[in-house]
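So the chains spell out like this:
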Amino acid sequence: MTMSNNIVLGENQYGKAEVRVVKVTRDTDRHHIEDLNVTSQLRGDFQAAHLEGDNGHVVATDTQKNTVYAFAREGVGSPESFLLRLADHFTGGFDWVTGGRWEAEAYSWDRIQAHGEGHDHSFVRNGQEVRTAVVVRDGATTHLISGLKDLTVLKTTQSGFVGYPRDKYTTLPETTDRILATDVSARWRYNTNLDFAGTDFNKSYEDIKALLLEGFTENYSHALQQTLFDMGKKVLEAHSEVDEIKFSMPNKHHFLVDLSPFGLDNPNEVFFAADRPYGLIEATVQRENIDAAPVAWSGIAGFC
Ligand SMILES: O=c1[nH]c(=O)c2[nH]c(=O)[nH]c2[nH]1
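Small disclaimer: the values here were computed from a predicted structure and weren't measured.

Parameters at a glance
- Residues numbered from 1 in each chain as written.
- Predicted model: local features only at pLDDT ≥ 70, side-chain atom pairs only at ≥ 80, totals over all residues.
- Heavy atoms only, no water.
- UniProt positions renumbered as here; feature names shortened; annotations may be inferred.
- Helix = DSSP H or I, 4+ residues; strand = E, 2+ residues; numbered from the N terminus.
- Contact = heavy atoms within 4.5 Å.
- Buried < 20%, exposed > 50% of the residue type's maximum accessible area, 1.4 Å probe, protein only.
- Pairing = 2+ DSSP bridges.
- Near = heavy atom within 4 Å.
- Polar contact = N/O pair within 3.5 Å; in protein donor to acceptor, adjacent residues only side chain to side chain.
- Areas by Shrake-Rupley, 256 points an atom, 1.4 Å probe, with all protein chains shown as cover.
- Nonpolar A, V, L, I, M, F, W, Y, C, P; charged D, E, K, R; others polar.
- Phe/Tyr/Trp six-rings, centres within 6.5 Å; stacked < 30°, edge-to-face > 60°.
- Core = buried A, V, L, I, M, F, W, Y, C linked by side-chain atoms within 4.5 Å.
- Domains from an automatic or database assignment.
- Axes fitted to C-alpha atoms, helices over the stretch in contact; angles between N-to-C directions.
- Parallel < 35°, antiparallel > 145°, perpendicular 65-115°, else oblique.
- Left-handed = near helix turned anticlockwise from the far one by under 90°.

Engineer: Would you explain the UniProt feature "binding site: 5-hydroxyisourate" (unreviewed entry) in the chain in this entry?
Structural biologist: The feature "binding site: 5-hydroxyisourate" (unreviewed entry), as annotated in UniProt, sits at Thr61, Asp62, Phe161, Arg178, Gln225 and Asn251 in this numbering. Spanning 191 residues, the annotated positions stay apart in the fold, the maximum distance between their C-alpha atoms being 52.2 Å. When you line up the elements, phenylalanine 161 lands in the loop between β7 (141-155) and β8 (180-190). Not counting the four nearest positions on each side in its chain, phenylalanine 161 is found in contact with Leu172, Glu174, Thr175, Arg178, His222 and Ala223. Take arginine 178: it is sitting in the loop between β7 and β8. In this structure arginine 178 comes out as buried when scored by relative accessible area, which is 15%.

Spelled out as structure tokens, the structure:
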């Protein structure tokens, strides 16, 4: 094989990362809040900018940031619909922008309970989880991935770990009754033929989160791997519009403390919650024979 000395531009994208936007809807005295961290990245013909210093095609990252704030003026609705609006705007408004990647984290706020009632304009950050969304547009195809991260769950029984191979380095005792705890990160990809405009993504999100939680607790867990699969299967069975769901879940070990030096027993009640190292269990649960759509997940190889 001969090596070419021609140096060319490979895959590229650019934009504004982590635009923090908070939208307050104050059309009545009862305010509503939407809180997002948005990243906008454009793909298309940006050859001249990289090779010749010609910025004629470069929609400034500052303009992309401003567009996020301007669009928020009309409300967010759902992170997914907000990102789809941005995708339409940039691919529709500039001929040479053929696609891009738009990503958001959404932080949820609960009303402060004052005298038994949710306050009109005071909020407390809901610490449960961060909602995520990604839109990847590639020519005529739009991929949409929704998700969540840092959803911390724990069950105090109905979990064990036995039957694994033992070699000279194995010290772990088998157990049929242990604590199972994890921080769920899950991302689910919708069919590309989904009617994006006609879908209530907030409802879909709440429903899928509830299924994930049910899936975590419903069955006896022989390993976090099995529980992960249970969780994903529930989502795919209930939501035909979802093709696959990817998980990354740390196994947050809880070790029984030896209280015998103090003359005490420990019938599975006092644990040391280790923060590291942790097991890391990652898998995709998917419909058979789906198109894996790698562009939706990583976009530009190695960057995301
Ligand atoms: O649920 C578990 N899966 C494992 O793969 C594993 N490995 C380990 O040491 N403990 C556990 N627990």
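Engineer: Quick question: what am I supposed to make of the pairing of strand β5 (residues 117-125) here?
Structural biologist: Two faces, one strand: in a regular strand the side chains alternate between the faces of the sheet. Alignment of strand β4 (residues 109-114) against β5, held across five bridges, turns out to be antiparallel. Pairing of tryptophan 109 across the sheet is with arginine 125, part of β5.

Engineer: I tried to follow the site of the ligand on my own but got confused; where do I start?
Structural biologist: In the vicinity of the ligand, the contacting residues are Phe161, Leu172, Arg178, Ala223, Leu224, Gln225 and Asn251. Here glutamine 225 contributes a side-chain N or O atom positioned 2.9 Å from a nitrogen atom of the ligand. Contact with the protein chains covers 72% of the free accessible surface of the ligand, which is 300 Å². When the residues that make up the shell around the ligand are grouped by side-chain class, the tally is four nonpolar, two polar and one charged.

Engineer: Hey, could you run me through the packing of aromatic side chains in this one?
Structural biologist: Ring pairs (aromatic) are described by centroid distance and by the angle formed between their planes. One pass over the full model with this rule turns up six aromatic pairs. With 5.0 Å between their ring centres and 80° between their planes, tyrosine 14 and phenylalanine 46 make a pair best called edge-to-face. In this pair, tyrosine 14 sits in strand β1 (residues 14-25) while phenylalanine 46 sits in the loop between β2 (32-44) and α1 (47-52), placing the two residues 32 residues apart along the sequence. Summarising the aromatic geometry, the rings of tyrosine 190 and phenylalanine 201 are spaced 5.5 Å apart at their centres and angled 75° between planes, so their arrangement reads as edge-to-face. Taken together, the residues span a long stretch of sequence, with tyrosine 190 in strand β8 and phenylalanine 201 in helix α4 (residues 201-218) at a distance of 11 residues.

Engineer: Looking at this structure, how should I read the nonpolar core?
Structural biologist: Soluble, globular proteins show a tendency: their nonpolar side chains are buried together. Judged by nonpolar contacts, the single largest core of 52 residues is most densely connected at Val38, Trp188, Leu212 and Phe247. When residues of this core are assigned to domains, at least three fall in each of domain 1 (9-139) and domain 2 (151-290). The residues contacting valine 38, other than those within four sequence positions of it, are Lys16, Ala17, Glu18, Val19, Val21, Val68, Phe82, Leu83, Leu86, Glu103 and Ala104. The next biggest cluster of nonpolar side chains, apart from the first, holds six residues, and it includes Val134, Val136, Ala293 and Ala296.

Engineer: Looking at this model, I keep getting lost on the environment of valine 130. Mind explaining?
Structural biologist: In this structure, valine 130 sits in strand β6 (residues 130-138). The class for valine 130 is buried, based on a relative accessible area of 11%. Dropping the residues within four chain positions of it, valine 130 is found in contact with Glu105, Ala106, Tyr107, Gly147, Leu148 and Lys149.

Engineer: Hey, could you run me through the packing of α4 against helix α5 (residues 224-238) in this one?
Structural biologist: Direction vectors running N to C along α4 and α5 enclose 140°, while the axes themselves pass 8 Å from each other. On the basis of their axis angle, the class for α4 and α5 is oblique. In this structure, α4 meets α5 at a crossing whose hand is right-handed. Between α4 and α5, the contacting residues are Ile208, Leu211, Leu212, Glu214, Gly215, Phe216 and Glu218 on the first element and Thr227, Asp230, Met231, Lys234, Val235 and Ala238 on the second. Its residues assigned to classes, the contact of α4 with α5 shows seven nonpolar, two polar and four charged.

Engineer: What's the story with the sheet that holds strand β3 (residues 97-107) in this structure? I'm lost.
Structural biologist: Sheet strands pair via backbone hydrogen bonds, and the direction of the pair is either parallel or antiparallel. The strand order across the open sheet built from eight strands is β1-β2-β3-β6-β7-β8-β9-β12, with neighbouring strands paired in antiparallel fashion. Unpaired on one side and paired on the other, β1 and β12 (279-286) mark the two borders of the sheet. On average, each strand axis in the sheet is tilted by 15° relative to the strand beside it, whichever way the strands run. Two elements, β8 and strand β9 (residues 242-251), share six bridges in a ladder whose sense is antiparallel. Within the sheet, the bridge partner assigned to alanine 186 lies in β9 and is phenylalanine 247. Along the sheet face, helix α2 (residues 61-72) touches β1 and β2 and points at about 20° away from the line of β1. Of the strands in this sheet, β6, β7, β8 and β9 touch α4, which is tilted by about 40° from β7.

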